[in-house]
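Chains, contacts and geometry: an overview
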Amino acid sequence: MSSTSDPRSLAGRVALITGGGSGIGLGCARELVAAGATVVLAARNTDRLVSAADELRKVAAPGAEVLTVACDVTNEDSVSAACARTAEAGTFTLVVANAGFGSGGPIHLTQLDDWNGVIGTNLTGAFLTIKHAVPYLSANGGGSIVAVSSIAGPVTHRFMTPYDVSKAGLEMLIRQTADELGCRNIRANAVRPGLVPTDATEAMINYPPVVDDYISQMPLGRVGTTEDVGRLVRFLLSDESSWITGTCISVDGGHHLRRGPNIEPFMEMALGDARYPAGPAN
Ligand code: NAP
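An account of the accompanying structure is given in this report. (Residues numbered from 1 in each chain as written. Predicted model: local features only at pLDDT ≥ 70, side-chain atom pairs only at ≥ 80, totals over all residues. Heavy atoms only, no water.)

Some details on the packing of aromatic side chains
To be explicit about the condition: Ring pairs shown here join Phe, Tyr and Trp side chains whose ring centres sit within 6.5 Å, with only the six-membered ring taken for Trp; geometry is labelled stacked below 30 degrees between planes, edge-to-face above 60, and tilted in between. Only runs of H or I of at least four residues qualify as helices and only runs of E of at least two qualify as strands under DSSP, and these elements are numbered from the N terminus. Working definition: with a 1.4 Å probe on protein chains only, accessible area under 20% of the residue-type maximum means buried, over 50% means exposed, and in between means partly exposed.
One pass over the full model with this rule turns up three aromatic pairs. With centroids separated by 5.7 Å and ring planes inclined at 35 degrees, the aromatic side chains of phenylalanine 92 and tyrosine 136 adopt a geometry described as tilted. On the criterion of sequence distance, the pair formed by phenylalanine 92 in strand S4 (residues 92–97) and tyrosine 136 in helix H4 (residues 112–139) is long-range, its members being 44 residues apart. Since its relative accessible area comes to 0%, phenylalanine 92 is described here as buried.

Some remarks on helix H1 (residues 23–34)
Along an α-helix, a turn takes 3.6 residues, which lines up residues three or four apart on a common side. Basically, it comes down to this: Expected span of a helix: the number of residues minus one, times 1.5 Å.
Taking 1.5 Å per residue, 12 residues should reach 16 Å; H1 reaches 17 Å between its end C-alpha atoms and fits that length. Counting buried residues along H1, nine of its 12 residues qualify, which places the element largely inside the surrounding structure. All buried positions along H1 are accounted for by Ile24, Gly25, Leu26, Gly27, Cys28, Ala29, Glu31, Leu32 and Val33. Glycine 36 lies just past H1 and shows a positive phi near 105 degrees.

Remarks on the pattern of salt bridges
Oppositely charged side chains can pair when the atoms bearing their charge come close. For the record, the criterion: The rule for a salt bridge is simple: a side-chain nitrogen of Lys or Arg has to be within 4 Å of a carboxyl oxygen of Asp or Glu.
Under the definition given, this model contains 15 salt bridges. In this structure, glutamate 76 and lysine 131 form a salt bridge, with 2.6 Å as the shortest nitrogen-oxygen distance. Here lysine 131 lies in helix H4 and glutamate 76 lies in helix H3 (residues 76–88), a separation of 55 residues in the sequence. Residue glutamate 76 is classed as partly exposed on the basis of its relative accessible area, which comes to 33%. The structure contains a network of salt bridges with shared partners spanning Arg30, Glu55 and Glu227.

Concerning the packing of H3 against H4
Test applied: Helix axes are fitted only over the stretch in contact, all axes being lines through C-alpha atoms; the angle between N-to-C directions runs from 0 to 180 degrees. Note: crossing handedness is left-handed where the near helix turns anticlockwise from the far helix by less than a right angle, and right-handed where it turns clockwise. Throughout, a contact is declared for two residues whenever any of their heavy atoms are within 4.5 Å.
One can describe the packing of H3 onto H4 by two numbers: an axis separation of 9 Å at closest approach and a directional angle of 35 degrees. In this structure, H3 crosses over H4, and the sense of that crossing is right-handed. Contacts between H3 and H4 involve Glu76, Val79, Ser80, Cys83, Ala84 and Ala87 from the former and Leu128, Thr129, Lys131, His132, Ala133 and Tyr136 from the latter.

Here we look at the sheet that holds S4
Paired through their backbone hydrogen bonds, the strands of a sheet run either parallel or antiparallel. Spelled out, the test is: Whether two strands pair depends on DSSP finding at least two bridges between them.
Pairing is parallel in the open sheet, where seven strands are placed in the order S3-S2-S1-S4-S5-S6-S7. Each end of this open sheet is capped by a strand with a single partner; those strands are strand S3 (66–70) and strand S7 (248–251). Put simply, the sheet's adjacent strands are angled 20 degrees from each other on average, direction ignored. Relative to strand S5 (residues 143–148), S4 runs parallel, the two being bridged by four bridges. Within S5, the position partnered with valine 95 by the bridge is isoleucine 145. Sitting on the sheet, H1 touches strand S1 (14–18), strand S2 (38–43), S3, S4, S5 and strand S6 (186–193), and the angle it makes with S1 is about 170 degrees.

Observations concerning the packing of H4 against helix H5 (residues 161–181)
A pair of packed helices is captured by two measures, namely the crossing angle of their axes and the spacing between those axes. Here is the rule: Should an angle lie under 35 degrees it is considered roughly parallel, over 145 roughly antiparallel, and from 65 to 115 roughly perpendicular; all remaining angles are considered oblique. Note on residue categories: nonpolar means Ala, Val, Leu, Ile, Met, Phe, Trp, Tyr, Cys or Pro, charged means Asp, Glu, Lys or Arg, and polar means any other residue, Gly included.
Orientation of H4 relative to H5, taken along the N-to-C sense of each, is 15 degrees, at an axis distance of 8 Å. Taken together, the axis directions place H4 and H5 in an arrangement best described as roughly parallel. Our pair here, H4 against H5, has a crossing hand that is right-handed. The segment H4 lies against H5, with Trp115, Val118, Ile119, Asn122, Leu123, Ala126, Phe127, Ile130 and Val134 engaging Thr161, Pro162, Tyr163, Val165, Ser166, Lys167, Gly169, Leu170, Leu173, Ile174, Thr177 and Leu181. Residue composition of the contact of H4 with H5, by class: 15 nonpolar, five polar and one charged.

Put into structure tokens, the structure is as follows:
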């Protein structure tokens, strides 16, 4: 698979990045193009994809191209078309299954549509991405898949159940993929970011009772950056990690060593006593 003798180089490789137009996906794309990969950014908001592509071309290594494709990961035809578009760009061997979002709320008030929305994007969307990418990777002699999970995969976050369940399921999807497709030289791993300022986390970052609690649970005492996550993703996609598969690696300042975040102040502000079902507390 290697196109140069430097195991860190991604020159000559083509990567599909879902949700690559913003936040962590864009941070991953910056690392990949700097390492020489051609990237295909896939998401629904095409204006944002175009802006991201313009930015990435300024930091891309020689030979690395930046392409965009409109894609909704909850729609199988859309994902299949995005994979076909990625294969047209060259030797499609790399995947970053990053598209996702979360919503907060107590279990007893969670609407079925909200549950299905989070699971449909974070888990089913990643499944569809992997399903439609692996035939190309296999035909190209193998490849590497990285899914963006979360500290919420292994650690409970009260009042964020659909999100936590989606990420726990995503991690099993990655282990299944690694086990089943290692025989085709396809590796699959997940990264577990802690709190990183992005559009998705703006409300939490700007609410001191919650962000201060997050930071108090991190031995390294700071929130992350998209570069912190992007560098790990680049490593897992490169031949530097050629004997690593089926793992879920934390990139969270050590937060996973302690307890999940306390977002109860948010829920108390929004719902008061209704955040718990009526009944006696123990
Ligand atoms: P973000 O900037 O909002 O990025 C989410 C991306 O997913 C957007 O580019 C969005 O693009 C895309 N997306 C959402 N639904 C989609 C769909 N149905 N089809 C295609 N693309 C879709 O937030 P982020 O924080 O970077 O999140 C990226 C990933 O990191 C998520 O999986 C998230 O769970 C995970 N994560 C984030 C943190 C954190 O603290 N920020 C921590 C742990 C894990 P469009 O809206 O244009 O489609």
